[in-house]
Amino acid sequence: MKTISRHFFGDSEKTAFSISIVENMKEDYGLFVWPCSIVLAEYVWQHKLRFSGNNVVELGAGTCLPGLVAAKVGSNVTLTDDANRLEVLENMRGVCELNNLKCEVLGLTWGVWDASIFSLHPKIILGADVLYDAQGSVFITTYHNRSGHHLIEFLMVKWGLKCVKLLDGFSLLPSDKAARLSGNIQLAEIMLNDEQIEETSSSGAR
Ligand SMILES: C[S@@+](CC[C@H](N)C(=O)[O-])C[C@H]1O[C@@H](n2cnc3c(N)ncnc32)[C@H](O)[C@@H]1O
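Because the structure is a prediction, the values reported are computed rather than measured.

What counts and how
Residues numbered from 1 in each chain as written. Predicted model: local features only at pLDDT ≥ 70, side-chain atom pairs only at ≥ 80, totals over all residues. Buried ≥ 20, exposed ≤ 12 C-beta atoms within 10 Å, placed from the backbone. Helix = DSSP H or I, 4+ residues; strand = E, 2+ residues; numbered from the N terminus. Pairing = 2+ DSSP bridges. Axes fitted to C-alpha atoms, helices over the stretch in contact; angles between N-to-C directions. Parallel < 35°, antiparallel > 145°, perpendicular 65-115°, else oblique. Left-handed = near helix turned anticlockwise from the far one by under 90°. Contact = placed C-beta atoms within 7 Å. Nonpolar A, V, L, I, M, F, W, Y, C, P; charged D, E, K, R; others polar. Near = placed C-beta within 6 Å.

**Considerations on the pairing of strand β1 (residues 2-10)**
Counting buried positions over the 9 residues of β1 gives 0, only a small fraction of the element. One ladder, built from 9 bridges, connects β1 with strand β2 (residues 15-24); its direction is antiparallel. Pairing of G10 across the sheet is with T15, part of β2. From the end of β1 to the start of β2, which pair antiparallel, there are 4 residues.

**Description of the packing of helix α1 (residues 35-46) against helix α3 (residues 65-72)**
One way to put it is that α1 packs onto α3 with a least axis distance of 8 Å and a crossing angle of 15°. As judged from the angle between their axes, α1 and α3 are roughly parallel. The handedness of the crossing between α1 and α3 comes out as right-handed. Here S37, I38, L40, A41, V44 and W45 of α1 lie close against α3, whose contacting residues are L65, P66, V69 and A70. In terms of residue class, the contact of α1 with α3 is built from 9 nonpolar, 1 polar and no charged.

**Brief notes about the site of the ligand**
What surrounds the ligand is a group of 20 residues, the closest being G30, W34, S37, G60 and G62. Split by residue class, the shell around the ligand holds 10 nonpolar, 6 polar and 4 charged.

**Side note on the sheet that holds strand β9 (residues 185-192)**
Here we have 3 strands laid out as an open sheet, ordered β7-β9-β8, and antiparallel in their pairing. Pairing within the sheet leaves two strands with one partner each, and these edge strands are β7 (139-144) and β8 (161-168). When the angles between neighbouring strand axes are averaged without regard to direction, this sheet yields 25°. As paired elements, β7 and β9 share 6 bridges and run antiparallel to each other. Note on β9: the bridge partner recorded for T142 is L187.

Here is the structure:
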């Protein structure tokens, strides 16, 4: 069942504005205001000076509350979601109209090559609750170790990530390429640490 929810922004004294969202009552990806988007929208509001005048892209925006708040405080906003979910993109357009906000709406499917994204030049990229189904997803990155002080291990533990592969970058380079490079370069594959997530959820720890 469709409903319109209203979300208020301001300080304790006075509401500055509200945003109305057309959403489904049942939890439906892209057509429901997920709690993460309420948190992110509030963050955008509280950091409005940082957003004003900047290009902002929201990924997996769904009902797009954070992006709409960014537009309200003066960002040039592009709202994106899965290009195959036409009903979600249509709802985004409707919600922009309802709130009298001019945002670009773009189908942008993660992992699918799309040249149009290169014209967006975002200063800020927003994503609320877009890391919910990371089964098997892996982040492969190379890292130039310029200082022993920049260790990321504690961040990985904090965010429930684990390194599943760590290679000396030179070990995989053919000798002619290796001869032309210098430095300490590592390649890491990083994934969600399912064990840590299970432990955290079963112990109720935060
Ligand atoms: C849990 S919902 C979060 C929606 C919104 N950001 C919120 O917090 O209310 C996940 C969103 O990711 C979008 N999504 C899922 N797979 C996607 C893909 N492959 N490419 C782009 N968007 C995707 C869904 O359509 C949905 O809008």
